[in-house]
Amino acid sequence: MTIHYRTAEEIEKIRAANRIVAAALDRLEEIVKPGITTVELDREAEALIRDMGGRPSFKGYRGFPNALCVAVNDQVVHGIPGKQALKAGDIIGLDVGVEKEGYYGDAARTVPVGETSQEAIKLMEVTMESLMKGIAEIRPGARVSDISHAIQSHVESHGYSVVTAYVGHGIGSSPHEEPQVPNFGRKGRGPILREGMVLAIEPMVNIGGPDVTLMKDGWTVRTSDGSLSAHFEHSVAVVRGGGDVLSVGSKNVKKLS
Ligand code: MG
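Since we're looking at a predicted model, the values are computed, not measured.

*Asks:* Is there a simple way to explain the overall build of the protein chain in this structure?
*Replies:* The helix and strand inventory of the protein chain stands at 4 helices and 15 strands. Rg of the C-alpha trace for the protein chain: 17 Å, near the compact-globule value of 18 Å for 257 residues, within the 12% margin. Taken over the C-alpha atoms alone, the protein chain extends approximately 45 × 40 × 35 Å along its principal axes. When each of the 257 residues of the protein chain is scored for burial, the buried share is 53%. Long-range pairs, those at least 24 residues apart, make up 70% of the contacts in the protein chain with a sequence separation of at least 6. Carbon and sulfur atoms make up 49% of the accessible area of the protein chain, which amounts to about 11100 Å² in all.

If you want it as C-alpha cells, here you go:
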C-alpha cells in the first residue's frame, strides 16, 4: 500500500467531491427533526448528491445499501437508514461519501434531534473540538500520530473514551487509502505528513468505555456499554500552511488551521 501525494489540481477535484458532501450534510442538518425517518434522510441526501453531479460512494460499497450512514444515540457508526422515526432528545451521526469524476469526499457530523440533554450536547462539542485539535496539528513534517494524540488527549481530558476499533484514513482516488489515522496514540509516530496528502480524520467518542459491538446486520456499530457516542469527520489536505479542510461548503470556505 502506498501513500498518494496529490497535485494541486487533484486536490481541487477532491475538494469538489467534498463540497457536495458538505452541502448534503448542511441539508440533512436542516431537516433533522423529531418524526423524520432515517430512510427519508437517506433519500434527501442521495437526491442532493446526484443533483450536484456526484455519486453516493457508500451505496454499494462492500454491499452497503444506502447513500447515508446513520448512528443514533449509542450507535457509533455505519448504521443502515430505516423506517424508524427519530425522537426528540436523540442525537444522530450523519456520514456522507461522494465520488465525482473519480475523486472522493467523506465527512460526518453528529447533530441533535430537537432538544437534547446537556450531556449529549457536551459530548458532541468535545468530539467536534477534538477533530479541530487534530486538524490543528497538520503541517508538512509533522507525524500522523501527532493528530491522533491531540484527539485522544482532548477527549480523555473530558473523561470520555475514543473508539480504537475504527480509524480515519487517506482519501483521494479511492474512498479509503493509506495511511490509517488512529484517534489515539503517542506523538511522533507513523508516516510523516507531506504536502499533497489528503486525510479523512474522524474521531468517534463514547461517554462510557471505548468498546464497541458489531450488530447482526453486519454494519451497525454500537457502544458495548450502551453509552452515547458521537462522530465528526473532515477530509483535510496537507498544504504548505497547514491543513486545508476540503469538506466545507462553497459558501463557507475557510481554512481552519
Ligand atoms: Mg471516513
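From this point on, the discussion continues.
*Asks:* Just to check I follow, could you spell out the coordination of the magnesium ion for this structure?
*Replies:* Four donors placed tetrahedrally around a metal ideally meet at 109.5 degrees, and six donors placed octahedrally ideally meet at 90 or 180 degrees. Within the first shell, the magnesium ion binds the protein through Asp106 (OD), His169 (NE2), Glu202 (OE) and Glu233 (OE), at distances of 2.2 to 2.4 Å. Going along the chain, you hit the donors of the magnesium ion in the pattern D-x62-H-x32-E-x30-E. A residue pair is termed long-range when its members are at least 10 positions apart, and His169 in strand S7 (residues 168-170) and Glu202 in the loop between strand S9 (198-201) and strand S10 (204-206) qualify at 33 residues. Like His169, the residue Glu202 is buried in the burial classification.

*Asks:* Is there a simple way to explain the sheet that holds S7 in this structure?
*Replies:* Within a sheet, neighbouring strands are paired by backbone hydrogen bonds and run either parallel or antiparallel to one another. Strand order in the open sheet formed by 5 strands is S8-S7-S9-S14-S15, and the pairing between neighbours is antiparallel. The strands lining the two open edges of the sheet, one partner per strand, are strand S8 (177-181) and strand S15 (242-245). Neighbouring strand axes in the sheet, compared pairwise and without regard to direction, differ in orientation by 30° on average. Bridge count for S7 against S9 is 2 bridges, and the pairing is antiparallel. Each residue of the ladder has a partner; that of His169, found in S9, is Ala200. Packed onto the sheet, helix H3 (residues 118-136) meets S9, strand S14 (234-239) and S15 and runs at close to 15° relative to S14.

*Asks:* Would you take a moment to explain the side chain of Asp95 for this structure?
*Replies:* Topologically, Asp95 is positioned in strand S4 (residues 91-100). Although Asp95 is buried, it makes no salt bridge; Arg109 carries the closest opposite charge, 10 Å away. Asp95 has contacts with Phe58, Ala67, Leu68, Cys69, Asp106, Ala107, Ala108, Glu202, His231 and Glu233, leaving out every residue within four places of it along the chain.

*Asks:* I tried to follow the nonpolar core on my own but got confused; where do I start?
*Replies:* In summary, soluble globular proteins display a tendency toward joint burial of nonpolar side chains. Ranked by size, the top nonpolar core spans 28 residues in total, and within it Leu123, Ile138, Ile147, Leu193, Leu199 and Ile201 carry the most contacts. Of all the secondary-structure elements, those providing two or more residues to this core are H3, helix H4 (144-157), S9 and S14. If one sorts the elements of this core by residue count, H3 sits on top with 6 residues. One finds Ala17, Leu41, Ile92 and Val111 within the second-largest nonpolar core, a separate group that totals 25 residues.

*Asks:* Any chance you could explain the pattern of salt bridges here in plain terms?
*Replies:* Oppositely charged side chains are able to pair whenever their charged atoms sit close together. In the structure shown here, the tally under the stated rule is 14 salt bridges. When the shortest N-O distance is used, the salt bridge between Arg6 and Glu177 registers 2.9 Å. Residue Arg6 is located in the segment before helix H1 (8-31), and its partner Glu177 is located in strand S8; the two are separated by 171 residues in the primary sequence. Neither residue differs from the other here; Arg6 and Glu177 are each classed as buried. Here Glu30 and Arg27 are joined by a salt bridge, their closest N and O atoms 2.9 Å apart. Of this pair, Glu30 and Arg27 both sit in helix H1, 3 residues apart, which is roughly one turn of the helix. Under the relative-accessibility criterion, Glu30 is labelled exposed at 57%. Each of the salt bridges in this network shares a partner with another, and the network as a whole consists of Arg6, Glu10 and Glu177.

Each value, and the rule that gives it
- Residues numbered from 1 in each chain as written.
- Predicted model: local features only at pLDDT ≥ 70, side-chain atom pairs only at ≥ 80, totals over all residues.
- Heavy atoms only, no water.
- Helix = DSSP H or I, 4+ residues; strand = E, 2+ residues; numbered from the N terminus.
- Rg over C-alpha atoms; globule rule 2.2 N^0.38 Å.
- Buried < 20%, exposed > 50% of the residue type's maximum accessible area, 1.4 Å probe, protein only.
- Contact = heavy atoms within 4.5 Å.
- Areas by Shrake-Rupley, 256 points an atom, 1.4 Å probe, with all protein chains shown as cover.
- Donors = N, O, S within 2.8 Å, 3.2 Å for Na, K, Ca; no water.
- Pairing = 2+ DSSP bridges.
- Axes fitted to C-alpha atoms, helices over the stretch in contact; angles between N-to-C directions.
- Lys, Arg positive; Asp, Glu negative; His and termini not counted.
- Salt bridge = Lys/Arg side-chain N within 4 Å of Asp/Glu carboxyl O.
- Core = buried A, V, L, I, M, F, W, Y, C linked by side-chain atoms within 4.5 Å.

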